[in-house]
Structures are given as C-alpha cells and as structure tokens.
Amino acid sequence: MLRRYVEQILNLYNCIDGIVVVNAKGIIEYFTTYRPDVNKLKEKDLVGRHILEIYPNLTEETSSLLRVLRSGKPISNEFQELSTYDGQSINAVNTTMPIKEGEKIVGAVDFSRYVDFPYERQDITLKLKPQAEEGILYTLDDIVTSDPQMEQVKERIRLVADTDSSVLIYGETGTGKELAAQSIHTCSHRKNKRFISQNCAAIPANLLESILFGTVKGSYTGAENRPGLFELANGGTLFLDEINSMEISVQAKLLKAIEEKKVTRIGAAEPIPVQVKIVSAVNLNPIECVKEGLLREDLFFRLSVVQLTLPPLRERINDLSFMTNHFISEYNRKMNRKILGIDEVVERIFRSYNWPGNIRELKNVIEGAFNVTSAGFIQKKDLPEYLPAAEKKIESISEWGISSVDLDLPNFSLNEYMAETEKALIRRALAESGSLTEAARKLKISKQALNYKLEKYCISHRV
C-alpha cells in the first residue's frame, strides 16, 4: 500500500540517492537506490523484513525511521553511519518523514544522500527543489517538429497562452507534456512570474494538500507557517501533472480553490485570494479517467476548458527522422562529437519499433549510442539490446503465415489480407483482455484508435 506514496517522491526533493519506506511496524515495503555503486542492497531481499534486521548497528533510538514512527515528527538532514546485514558500510544524510492517513501514522519514508567521503557531509542538505528561474524554462521554439499534428498543437498554445482559461494536456509518457506546459507559460504575459510544477502521482493526500494549500504553525505536529503552491504561483502558472493520480478528497478541495480563486492554509480560518493559470496533465484518456473514478467529472470539466492532445511518436511518422537528426545534432554539440547519423539497419529498427516511451525514449537511445559508438554513424551494436530484439519479434510476426498465401489467386487482395489480419489480432487481444484499455495496450494503440477499428470492422466486444 505504501509503495504508491513514493513513486514520484523525487519531484519533492533534490539530491536523493536512496529511498526506504516502512509500515507502522518498521517493516520495509519499498526500497530503491540510485547509487548501486555505494549501496548494493536490492529491494527483493529487503521487502518484508524489519529495518533493524537490515541495519543491525541501529537501535530503536538511533534509527530515524523508528523515531519518526513513534513521534510523528519529521527529521531533517541527519547524518547516520550505517552497517548493513551483508557487511556494507554506508554514510548517509537522511531526511525522514511520517506517512499519515488522517491522524493515524501508517508508515515513514526516508530519503538518503550517500556520502562518499566523511568531509563531504558538512555541505550536504536535502531540501525542496528550487523553482525554475526565469530564462531556463522551455519556450515554444523548443518544441521542434515537422509533424502537422504537432504544428497544430503549437498554434493552439499560442492562442490559449494569454487567456485565464484552464488547460488540460493529454499525452502518453514521454510525449512532452511538461515542455508544452512550460511553453504555455513562457508564451504568455505571465512569463516574468513563477511557473510551479507538481507531479501529483503517489503523493499521500495529507502531504499533497499541505503542498498545494500551505500550512499554519501548530495545525498538526511539526507544521510550520508555509505558503502552498497556489500562493507561490500567484500571478503565474501552476502545472499539475498526472492529475488523475490525485486523491479524490484532494480533488474536491482543488476544485473549490479553482472555482473561488481562493485557498485556505491547513489550520487557517481566512482564505487567501490567488490569481493562477492552471495547466494540468494526464497520461491516460481523461474520459476513461472519469469513467473509472480516477478523476472527478466536475473537476475534469473545470480543468479541460481547453484540451491539448500530444500524439505519440508512433503516430508522428514525419518526426521520427527529424527528431533523430535533432538529437544527434544536440549531442554532437554537448559531447563534442561528429556523428553523421544512423545507418540503414538502425533506421529500419527505428521505423519498426513502437516507441512506448515516445520522444523521451528516442532521446535516451540516441544519448546512449553516443556513449558507446566509435564510428561516424550509429550502428545496431550501439543500441540497447531490447531494440534489435523488438525488431526480430516484429519480423517474426510479419512472416507468420506469409508463405501459405497464394499471391496468384484471382481474388487475392493485399488490402483485404491486411484487414483480415488486423481483425484477427484485434479479436485475439479482446479475448485475452479484461477491458478495452488493456486490449489497446496489448495492440500498442490508443483506445480511441481501437474504438475506431471496432466500428470500422463491425467487431462486437464484451470485455
């Protein structure tokens, strides 16, 4: 249960090397390390075990997690010398916070910055990420594209940027929702005000509420006088990413704040007026989010006064080569290289691949290739292993049944053969799935595209 609270915790703090979450009994429910060179522990070996079993040199009094579970008060930037059960020695600066449901403490989360050398710790603190400063945000010119759909998106951004209307951005992971949101801000008269971004996914309701609306000292244990994101973004833009992951109880309060243009800090009596441009984003179809109870219908209507849909890379055929060349030019500058492009084999692999991670995945693949290539062109050997493997899978699918087709038959038609093959794969996906969303995911198409094909082929469905 507690795992979902920390999937996006990196959006709250900077300089994090590791995260541990325990339940109310001190049993580990989540663990990750971003420095396996320093901490070699693995989640599969830790989940279900007590924190003192993993770090036997700690006690009830010296473990920050156990102290926070007892007191309910956060501990900031505490240096600890840790000895693991498998003999590792780790120095870390830890910030530990309670996880609550209402007034009940259900667990604690510990963020660590590993210290490679003892003298380093005197300058290390874990703190909230600073807001982006003027001049480093994305602009409309950063949305590079040769695709007509994306050109339309850019034109809509120009039109809606200066209005006060809320904007909802829908796009798969990696399609550039944050880039679009920042462009709305920098393209508007608010560009000299603050742009504040908050990912709503997996943040506990009590924590997210205080982040959004602020707190008054004494409103709960450890609370201080702090402005919320609405106040900080006053006069500017507030971007709420993955809004469909926000707890329903917080969605109701968010709707009230947007409607009234006022926020009330937790523990305060008087509301504070705010003028904020609200931009939000979802990575799932917003209508489906409403149907599945992930997003309040009234909030959806309030947030989607204007809706921008960012198409996935697989639907932006013109952009694949264009973006590949763009990223090659970018990394040539950054890494002082002279890579000319990709060879024919890589081009075929790129065109046959589905790109579930979209533009972000393509960019990471190019960057990875720059680190290992020794030739003038990026070759197959420079790609991550899963890409050539995906190409082989697609080739095997393409060749399935081909040899049995008699091309000389008078009634043979390529279009009809392709249509029948498509219908067969759709029916199979429906039979193997519990919902249309799952079937679309199997077929690697959007749900809207699946609905279109169901109507086109008159395929009935009961999933």
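Here, the structure is the one placed above.
Residues numbered from 1 in each chain as written. Predicted model: local features only at pLDDT ≥ 70, side-chain atom pairs only at ≥ 80, totals over all residues. Heavy atoms only, no water.

### Some details on the packing of aromatic side chains
Under the criterion given, the structure shown has seven aromatic pairs. A centroid spacing of 5.8 Å and a plane angle of 20 degrees characterise the contact between Phe213 and Phe230, whose relative ring orientation is stacked. Here Phe230 lies in helix α7 (residues 229-232) and Phe213 lies in helix α6 (residues 205-213), a separation of 17 residues in the sequence. Judged by its relative accessible area of 2%, Phe230 is buried. Plain terms: the ring middles of Tyr353 and Trp355 are 4.8 Å apart, the flat faces sit at 80 degrees to each other, and that makes the pair edge-to-face. Classification of Tyr353 by relative accessible area gives buried; the value is 13%. Ring-pair connections join several aromatic residues into one group, and the members of that group are Phe350, Tyr353, Trp355 and Tyr386. (Phe/Tyr/Trp six-rings, centres within 6.5 Å; stacked < 30°, edge-to-face > 60°. Helix = DSSP H or I, 4+ residues; strand = E, 2+ residues; numbered from the N terminus. Buried < 20%, exposed > 50% of the residue type's maximum accessible area, 1.4 Å probe, protein only.)

### Quick look at the sheet that holds strand β10 (residues 237-241)
Two modes of strand pairing occur in sheets, parallel and antiparallel, and in both the strands are linked by backbone hydrogen bonds. Pairing is parallel across the open sheet formed by five strands, whose spatial order is β7-β10-β13-β6-β14. Of all the strands in the sheet, the pair left with one neighbour each is β7 (195-199) and β14 (306-310). Ignoring which end each strand starts from, the neighbouring axes of this sheet average 15 degrees apart. Bridging between β10 and strand β13 (residues 277-282) involves four bridges; their strand directions are parallel. Counterpart to Thr237 in the pairing with β13 is Lys277. Packed on one face of the sheet, helix α5 (residues 177-186) meets β6 (167-171), β7, β10, β13 and β14 and runs near 155 degrees to β6. (Pairing = 2+ DSSP bridges. Axes fitted to C-alpha atoms, helices over the stretch in contact; angles between N-to-C directions. Contact = heavy atoms within 4.5 Å.)

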